[in-house]
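Examination of the molecular architecture
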Amino acid sequence: MASPRPARPQQSRGTDDDRRDGDALSLPTPDWLRHDLLVSGPTADVENFQKTAAGAGAIPWVYPDLALDEEDRMHALLHPPDGSPGLSLHGARTLARLLRNAVETHQTRAIAAVGQSRACPLDLHALVPISENVLARGPDDPASRAWLRTHWGTTRALRHVVLHTDKADRRLRRSAKLRYECFAADWTPWPAFSKIRERWPKLVFELRPDYRRD
């Protein structure tokens, strides 16, 4: 039999269901929307944007309540909310600990990669950085989600980003073009590109969401 659960401190973020309660824009499984981005303008500005936009493609979140999250998962595995049979106490504890270890490993890698890796050609955190005080709240905090929707327009880092290296147009001597393909969670990152346009006023950004379904 599981031991009684200790009382949560008032600042706790709560369970996964609690965190999303009343927040219809924060879905447990986002819908990834494909986008094409064309960047054009003076060669020097295009090159500067390309260099600045490349980053780790990860958000270095801090997860302040991993111990409480682990316990939440263990109890959910013991007594699933849908009423289905749960795991044994040993099995629930083991799986909850493995999930916590996976989160910690991902967090460590993301923090180490940000500012070092340039593997992602279009990194929103490199272009519109998330402030340290927001990162410290973790990704599930309502204030973090509100910041992301306000400043990025999407609540996750871009995925499956590809910079297409088209053959250079010899007619273009003083201007250049870049073409990206990426997927954004649930929404088009219009707020992020509004800020990006202010930073590179000489560049033209054509961001085109693709609503087609395969």
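Structural data are supplied above this passage.
In short, a report on the structure. (Residues numbered from 1 in each chain as written. Predicted model: local features only at pLDDT ≥ 70, side-chain atom pairs only at ≥ 80, totals over all residues. Heavy atoms only, no water.)

Another point: the packing of helix α3 (residues 66-78) against helix α4 (residues 89-113). With their axes 8 Å apart at the nearest point, α3 and α4 run at an angle of 145 degrees to one another. Relative to α4, the crossing made by α3 is right-handed. Of α4, the residues touching α3 (which contributes Leu66, Ala67, Glu70, Arg73, Met74, Leu77 and Leu78) are Leu89, Ala92, Arg93, Leu95, Ala96, Arg97, Leu99, Arg100, Val103, Glu104 and Gln107. Residues that form the contact of α3 with α4 fall into these classes: 11 nonpolar, one polar and six charged. (Axes fitted to C-alpha atoms, helices over the stretch in contact; angles between N-to-C directions. Helix = DSSP H or I, 4+ residues; strand = E, 2+ residues; numbered from the N terminus. Left-handed = near helix turned anticlockwise from the far one by under 90°. Contact = heavy atoms within 4.5 Å. Nonpolar A, V, L, I, M, F, W, Y, C, P; charged D, E, K, R; others polar.)

Moving on, we come to the pairing of strand β3 (residues 175-185). Pairing of strand β1 (residues 32-42) with β3, which is carried by 11 bridges, proceeds in the antiparallel orientation. Of the residues in β3, the one forming a bridge with tryptophan 32 is alanine 185. (Pairing = 2+ DSSP bridges.)

As for its position among the elements, histidine 35 is in strand β1. A relative accessible area of 0% places histidine 35 in the buried class. One polar contact links histidine 35 to threonine 188, side chain to side chain, over a distance of 2.8 Å. Apart from the residues within four sequence positions on either side, histidine 35 is in contact with Tyr180, Glu181, Cys182, Ala184, Trp187, Thr188, Pro189, Leu207, Arg208 and Pro209. (Buried < 20%, exposed > 50% of the residue type's maximum accessible area, 1.4 Å probe, protein only. Polar contact = N/O pair within 3.5 Å; in protein donor to acceptor, adjacent residues only side chain to side chain.)

Moving on: the pairing of β1. Where β1 meets strand β4 (residues 204-210), seven bridges bridge the pair, whose relative direction is antiparallel. Directly across from aspartate 36, in β4, lies its bridge partner arginine 208.

Residues other than glycine seldom take positive phi values, yet histidine 160 does so here, at roughly 50 degrees. Note that histidine 160 resides in strand β2 (residues 159-164). Even without being a glycine, aspartate 186 presents a positive backbone phi close to 70 degrees. Structurally, aspartate 186 is set in the loop between β3 and α8 (190-199).

If you walk through the whole model with that rule in mind, you get four aromatic pairs. With a centroid separation of 6.3 Å and 85 degrees between ring planes, the pair formed by phenylalanine 49 and tyrosine 180 is classed as edge-to-face. Here the residue phenylalanine 49 occupies a position in helix α2 (residues 43-53), and tyrosine 180 occupies one in strand β3, the gap between them amounting to 131 residues. With a relative accessible area of 0%, phenylalanine 49 lands in the buried category. The buried category is assigned to tyrosine 180, whose relative accessible area is 0%. With centroids separated by 5.2 Å and ring planes inclined at 85 degrees, the aromatic side chains of phenylalanine 49 and tryptophan 200 adopt a geometry described as edge-to-face. Residue phenylalanine 49 is found in helix α2, and its partner tryptophan 200 is found in the loop between α8 and β4; the two are separated by 151 residues along the sequence. Each residue in the set Phe49, Tyr180, Phe193, Trp200 and Phe205 is aromatic and connected to the rest through ring pairs, giving one cluster. (Phe/Tyr/Trp six-rings, centres within 6.5 Å; stacked < 30°, edge-to-face > 60°.)

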